[in-house]
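What follows is each chain in one-letter form.
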Amino acid sequence: QVQLVESGGGLVQPGGSLRLSCAASGSIFSIVTMGWYRQAPGKQRELVATMTSGGTTDYADSVKGRFTISSDNAKNTVYLQMNSLKPEDTAFYYCNAAVRSTPSIKWSTYWGQGTQVTVSS
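Here is what the cut-offs are and how they apply
Residues numbered from 1 in each chain as written. Predicted model: local features only at pLDDT ≥ 70, side-chain atom pairs only at ≥ 80, totals over all residues. Heavy atoms only, no water. Pairing = 2+ DSSP bridges. Helix = DSSP H or I, 4+ residues; strand = E, 2+ residues; numbered from the N terminus. Disulfide = S-S within 2.5 Å. Buried < 20%, exposed > 50% of the residue type's maximum accessible area, 1.4 Å probe, protein only. Contact = heavy atoms within 4.5 Å. Polar contact = N/O pair within 3.5 Å; in protein donor to acceptor, adjacent residues only side chain to side chain. Phe/Tyr/Trp six-rings, centres within 6.5 Å; stacked < 30°, edge-to-face > 60°. Lys NZ or Arg CZ within 6 Å of the ring centre and 35° of its normal.

Visitor: Before we move on, can you summarise the pairing of strand 7 (residues 67-72) with the specific residues and values?
Guide: The pairing of strand 7 with strand 8 (residues 77-82) spans six bridges and is antiparallel. When the bridges of strand 8 are listed, Ile 69 appears paired with Leu 80.

Take a look at the structure:
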């Protein structure tokens, strides 16, 4: 089993910044991808940003130029630096990871419990 623990959410004013962290632990042989999704009330969960083990990144159009995903592979940790936050960024942010627990091509997907980000004056 793999556990994902997020931290760094909170309340911030429009235009402000927050940094989310997600640390993976447990039965990890290698990590395929790690990333962030978000879900606002009444809306579907959506991709925010992902990063492959090779460093390839993907962002939702709505956050490009404002959010940056990065990782510390030695710590199995992924970060999301969120700048120029807008009220529409308010959501529950979930960490996601695709992990191999054995040296095979098979991998499994895991989710963290999420952290609330609220952008409001």
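Visitor: Describe the state of the cysteines, listing the residues and the values that go with them.
Guide: Going through the model one piece at a time under the given rule, you end up with one disulfide. Here Cys 22 is linked by a disulfide to Cys 95, with a sulfur-sulfur distance of 2.0 Å. Because the sign of the S-S torsion sets the handedness, a value of about -85° for the bond joining Cys 22 and Cys 95 places this disulfide among the left-handed ones. Of this pair, Cys 22 sits in strand 3 (residues 18-26) while Cys 95 sits in strand 9 (residues 91-100), and the two are 73 residues apart along the sequence. Like Cys 95, Cys 22 is buried.

Visitor: Give me the lowdown on the side chain of Thr 77, citing residues and values where you can.
Guide: Within the secondary structure, Thr 77 is located in strand 8. The contacts of Thr 77, once residues within four sequence positions are left out, are Cys 22, Ala 23, Ser 70, Ser 71 and Asp 72.

Visitor: Account for the environment of Gln 116, naming residues and giving values.
Guide: Its place among the elements puts Gln 116 in strand 11 (residues 115-119). For the pair formed by Gln 116 and Gly 8, sequence separation is 108 residues and the distance between their alpha carbons is 8.8 Å. Other than its neighbours up to four places away in sequence, Gln 116 contacts Gly 9, Gly 10, Thr 90, Ala 91 and Phe 92. For Gln 116, the side chain forms a polar contact with the main-chain oxygen of Ala 91, separated by 3.3 Å.

Visitor: Any details on the packing of aromatic side chains? Residues and values, ideally.
Guide: With the rule as written, the count across this model stands at two aromatic pairs. When the centroid spacing of 5.4 Å and the interplanar angle of 55° are considered together, the rings of Phe 92 and Tyr 94 count as tilted. Phe 92 sits in the partly exposed class, given a relative accessible area of 27%. In this structure, Arg 19 is placed above the aromatic ring of Tyr 79, and the distance from its NZ or CZ to the ring centre is 4.1 Å. A cation over an aromatic ring shows up here: Arg 45 above the ring of Tyr 94, its NZ or CZ 3.8 Å from the ring centre.

Visitor: How would you summarise unusual backbone geometry if you had to cite specific residues and measurements?
Guide: The backbone of Asn 76 sits at a positive phi, close to 50°, despite the residue not being glycine. Looking at Asn 76, the relative accessible area reads 24%, which means it is partly exposed. Even without a glycine there, the phi angle at Ser 84 is positive, about 50°. For Ser 84, the position within the fold is in the loop between strand 8 and strand 9.

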